[in-house]
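What the coordinates show
Chain by chain, the residues run as shown.
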Amino acid sequence: MDFSLTPDQELLRDTSRKLLERECPPALVRAHIDDPSAHEPLWRHLAEYTALGTGPAADLCLFLEETGYAAAPGPFLATTGYAALTGDDTATGTVALVDDSTHPFVLEADRVERIAVVSPGPRLAVLDVTDVPLRFVATVDFSRRLFALDLPHLTAQPLAADVYARWRERAYACMAAEMVGTARRIFDMTLSYAKERKQFDVPIGSFQAIQHKLADMSLALERATAAAHYAAMTIDGDDPERARACHVAKAAAGEAARRILKDGIQIHGGIGYTWEHDLHLYLRRATADEYLFGTTGWHLDRLADLLID
Amino acid sequence: MQLAWSPEDEEFRTDLIAFLDEHTPEQMLVGFDFQDVDDERELVPQWLRDWQATLFDHGWMIPGYPSERGGRNCTPVQTLIYLETLASRRLIRSGHFPGYAIVAPSLLEYGNEEQQKLVPAAIRGDTIWCIGMSEPNAGSDLAGLQTRAEVRDDHFVVNGQKVWTSYAMIAQKCFCYVRTDPTLPKHKGISLLIIDVDTPGIDIRPLRHISGTAGFAEVFFTDVIVPRENLVGGLNGGWAITQGSLAHERAGLWVEGVARFEQTIEGLVTLARQQGRAGDPIIRRKIASAYELAASLRALGYKGFASFAQGSSAPEHSYMKMAMSEASKAAFELGMEISGSLAPVTDPVFAASTNRFVHGFFMSFANTIAGGSSEIQRNIIAQRVLGLPRR
Ligand SMILES: Cc1cc2nc3c(=O)[nH]c(=O)nc-3n(C[C@H](O)[C@H](O)[C@H](O)COP(=O)(O)OP(=O)(O)OC[C@H]3O[C@@H](n4cnc5c(N)ncnc54)[C@H](O)[C@@H]3O)c2cc1C
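Given the structure is predicted, the values throughout are model-derived calculations rather than measurements.

**Some words on the overall build of chain A**
Broken down by element type, chain A carries ten helices and nine strands. Against the 2.2 N^0.38 benchmark of 19 Å for 309 residues, chain A shows a C-alpha radius of gyration of 19 Å, consistent with a compact globule. In terms of overall dimensions, chain A has a C-alpha envelope of 70 × 45 × 40 Å along the principal axes. Of the contacts formed within chain A by residues at least 6 apart in sequence, a portion of 70% connects residues at least 24 apart. For chain A, the computed accessible surface area is about 12400 Å², with 53% contributed by carbon and sulfur atoms.

Structure (structure tokens):
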């Protein structure tokens with residue numbers, strides 16, 4: 001087992017990190033609250049990387065940690081998920097899971113060309129987005145856009161159950177990678193604030209109450225990050241542990257995100273409670289992500305099924 | 001120790017219920033949420049101002065006070081009945097708590113005769129007050145405040161900045177803590193001034209809450225002239241009053257807090273049924289656990305209230321603020337858990353019965369941060385209640 005990055009992966013991580021830092025500052029995420037087109041300049045760059053959708057999970061997850069870190073708006077996650085399911089990497093797309101009550105809404109449907117619909121069976125149909133009436137669903141997270149679909153009658157093809165199961169596992173790992181990235185953003189902001197902010201003539205980070213919180217946040221973050229990387233490796237290695245590893249990754253990411261967002265705002269004190277401060281842009285994404293592709297509780301229940309039944 | 005209401009208490013309750021049945025404004029019945037206001041001028045709508053005045057005029061605003069202060073000289077136990085009845089009907093007394101809950105009791109304790117004349121209007125809500133304690137560099141460390149008031153013959157000249165001042169945008173008066181002697185140790189050079197918000201040199205810049213709704217403001221003071229007679233409680237005597245202000249804030253808080261928390265738990269039960277999770281053993285146990293917490297805190301609160309009513313300061317109050325604010329955050333999280341994938345959806349078309357939980361979750365941080373954060377509360381419990389050494 002080797003957790004270290006290959007030179008290519010290191011390059012990918014550094015490039016994506018720089019790209020997102022430059023092209024997706026907090027001001028863009030904030031502008032996207034009122035203006036969905038604010039993501040377009042960013043998308044022109046991210047669109048060049050959508051081929052990662054059909055490549056190794058480890059590479060895609062590295063990239064997604066950075067989009068999560070930046071709370072990047074736009075259809076990158078959706079399109080890579082679409083490509084992985086359909087093999088079509090020529091169009092932008094998203095996936096609608098009609099078969100699954102844990103995932104009732106569809107990501108970014110108004111800014112892609114195709115919608116892959118998985119219906120019970122499982123069966124798969126690929127539609128032109130222009131054929132599907134969409135309804136925007138407002139959530140606490142302004143950086144993603146969710147939609148309810150009014151689906152027409154589907155002419156769907158059978159989808160091999162194991163292909164679909166593998167795609168789902170990959171989706172859990174991808175979601176976990178994004179969440180770990182967002183959690184790391186909040187953690188970094190909080191850690192540096194704890195070093196800067198003085199009360200009682202000392203940095204608040206010198207209080208053990210704050211130190212212990214940050215230590216626990218850090219543990220949650222590091223184990224969730226490792227679990228996400230491990231899950232990606234089991235996918236790429238077609239390892240028999242992959243199902244468990246992907247549930248573990250999503251659950252660990254959910255736990256880390258929740259802990260870090262709560263303690264992150266608490267450690268920021270009053271300033272973190274304002275709209276004007278950027279923290280909430282990331283808090284919102286971290287809060288909402290837990291409910292995409294199965295909640296923490298749902299993944300734990302599936303793990304229990306695998307472990308006990 | 002006994003569990004019974006006297007006939008007088010029962011009569012008090014009957015009178016209260018009759019009053020509420022007759023006077024409760026319709027807007028309150030439809031589930032008014034005053035935290036949802038976008039326009040700060042609407043922060044306290046007219047009907048809510050009228051409601052506060054009606055409560056005052058009928059002696060139901062602070063029933064423990066005499067009638068000229070909006071009460072009816074009721075007993076502490078009756079006050080308890082009052083607060084619980086209001087909370088169980090989801091009624092609020094006012095859209096702006098600083099005046100009746102902090103300024104009025106502080107002026108009654110520390111103000112001179114002239115200043116005490118401001119009390120009825122503060123309680124009736126005719127005057128809206130804001131509290132100027134926090135500054136950019138003085139939050140938890142309130143004694144570190146730097147807004148400076150220089151003493152000149154018959155007035156003060158105030159320069160500096162307050163922040164997160166709730167209601168500043170709609171207030172007429174500010175209960176403002178200032179540094180009057182920078183040469184003294186930091187707790188000893190602080191004074192309390194009553195400052196008219198429309199005095200020249202005051203600049204109020206609204207800040208929005210994390211939800212994007214109107215809430216608080218930054219307040220800047222540039223050479224603001226404040227008459228000498230607006231000093232409350234003696235020059236450099238402000239620190240003692242800050243301790244009082246927070247005690248007043250806490251004393252009433254828990255009763256309303258626990259009762260509101262019990263409402264939230266009822267809401268969780270309804271939600272679990274609606275979402276088909278009422279049979280889920282994990283959800284059942286978590287709801288039961290939230291109830292266990294609420295019920296034990298309620299008992300602790302009663303106990304504290306009893307000793308507070310007998311005039312002794314009750315250590316229970318220190319526990320209540322921390323426990324209630326953390327417990328209500330956890331209850332909103334449980335609501336999100338029960339809502340499942342609907343939890344982050346705010347859209348009323350899809351999430352009318354679930355969206356208040358994610359909203360409440362974000363709002364719940366106000367109470368674990370403001371008025372002494374949970375970490376500061378733990379320090380207080382450790383050091384003042386348990387007698388552990390300070391660092
Ligand atoms: C909704 C809201 C309304 C408010 N309304 C008002 C108002 O009307 N008037 C007013 O004056 N103020 C108001 N405030 C300000 C509020 O009182 C302060 O935010 C609060 O006192 C904390 O101060 P701070 O924000 O500067 O955080 P800081 O004091 O900087 O604290 C940052 C973090 O450090 C922790 N910390 C600080 N000191 C210690 C310590 N010794 N040990 C361990 N941990 C510590 C805190 O718990 C927190 O987690 C309001 C705040 C909010 C959120």
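**Notes on helix α2 (residues 26-34) of chain A**
Residues and elements named next belong to chain A. Within α2 the residues assigned to the buried category are Leu28, Val29, His32 and Ile33. Buried positions in α2, seen along its axis, are confined to an arc of 160 degrees and lie on one side of it. Seen from the buried face of α2, the exposed residues on the opposite side, beyond 90 degrees, are Ala27 and Asp34.

**Details of the sheet that holds strand β5 (residues 134-137) of chain A**
Reading across from one edge, β2-β6-β5 (chain A) is the order of the three strands in this open sheet, with antiparallel pairing throughout. Single-partner strands in this sheet number two, and they are β2 (106-107) and β5 of chain A.

**Section: the interface of chain B and chain A**
Each side of the interface is counted separately: chain B has 43 residues, and chain A has 39 residues. Between chain B and chain A the total buried area reaches about 3500 Å² when both faces are included, carbon and sulfur atoms providing 62% of it. Linking chain B to chain A there are four salt bridges. Looking at the side of chain B that touches chain A, the elements with two or more residues in it are β6 (202-208), α10 (316-339), α11 (348-351), α12 (355-363), α13 (365-369) and α14 (374-385) of chain B. Residue composition of the side of chain B that touches chain A, grouped by class: 22 nonpolar, twelve polar and nine charged.

**Observations regarding the site of the ligand**
Neighbouring the ligand are 30 residues; Arg197 of chain A together with Ser134, Ser140, Ser373 and Glu375 of chain B lie closest to it. More than one chain reaches the ligand: the nearby residues come from chains A and B. Met133 of chain B has a polar backbone atom sitting 2.9 Å from an oxygen atom of the ligand. In this structure, an oxygen atom belonging to the ligand sits 2.7 Å away from a main-chain N or O atom of Ser134 of chain B.

**Side note on empty space enclosed by the protein**
Residues and elements named next belong to chain A. Enumeration according to the criterion identifies six cavities of 30 Å³ or more in this entry. Taken as a whole, the largest cavity holds about 180 Å³ of empty space. Surrounding the largest cavity, 17 residues form its lining, Leu77, Gly81, Trp167, Ala171 and Phe293 being those nearest its centre. Mapped onto the lining of the largest cavity, the elements with two or more residues apiece are α5 (76-86), β1 (93-97) and α6 (161-196). Ranked by residues supplied to the lining of the largest cavity, first place goes to α5 with six residues.

**Topic: the pairing of β6 of chain B**
Looking at chain direction, β6 of chain B and strand β7 (residues 214-227) of chain B are connected through seven bridges and run antiparallel. Bridging from a neighbouring strand, Pro206 of chain B pairs with Ala217 of chain B of β7 of chain B.

**Observations concerning the domain arrangement of chain A**
Residues and elements named next belong to chain A. Domain parsing of chain A yields domain 1 (7-81), domain 2 (85-160) and domain 3 (162-308). Using only C-alpha atoms to locate each centre, domain 2 and domain 3 end up separated by 26 Å. Listed by partner, the interface residues are 18 residues for domain 2 and 17 residues for domain 3. Note on domain 2 versus domain 3: buried area summed over both sides is about 1600 Å², and carbon and sulfur give 64% of it. Considering only the surface of domain 2 that becomes buried against domain 3, Thr102, Arg144 and Ala160 emerge as the three largest contributors, covering 31% of it. For the interface between domain 2 and domain 3, the tally reads three salt bridges. A salt bridge links Arg144 to Asp289; the shortest N-O distance between them is 2.9 Å. Joining domain 2 to domain 3, the criterion identifies ten residue pairs in polar contact (both at pLDDT 80 or more). A breakdown of the residues in the side of domain 2 that touches domain 3 according to their chemical character gives eleven nonpolar, three polar and four charged.

What counts and what doesn't
Residues numbered from 1 in each chain as written. Chains lettered and ligands numbered in written order. Predicted model: local features only at pLDDT ≥ 70, side-chain atom pairs only at ≥ 80, totals over all residues. Heavy atoms only, no water. Helix = DSSP H or I, 4+ residues; strand = E, 2+ residues; numbered from the N terminus. Rg over C-alpha atoms; globule rule 2.2 N^0.38 Å. Contact = heavy atoms within 4.5 Å. Areas by Shrake-Rupley, 256 points an atom, 1.4 Å probe, with all protein chains shown as cover. Buried < 20%, exposed > 50% of the residue type's maximum accessible area, 1.4 Å probe, protein only. Arc of directions from axis to C-beta. Pairing = 2+ DSSP bridges. Buried area = accessible area lost by both parts, 1.4 Å probe. Salt bridge = Lys/Arg side-chain N within 4 Å of Asp/Glu carboxyl O. Nonpolar A, V, L, I, M, F, W, Y, C, P; charged D, E, K, R; others polar. Near = heavy atom within 4 Å. Polar contact = N/O pair within 3.5 Å; in protein donor to acceptor, adjacent residues only side chain to side chain. 1 Å grid on protein atoms, 1.4 Å probe; cavity = no way out; pocket = protein on both sides within 12 Å on 5 of 7 lines; lining within 4 Å. Points joined across faces, edges and corners; volume = space filled by probe spheres on them. Domains from an automatic or database assignment.

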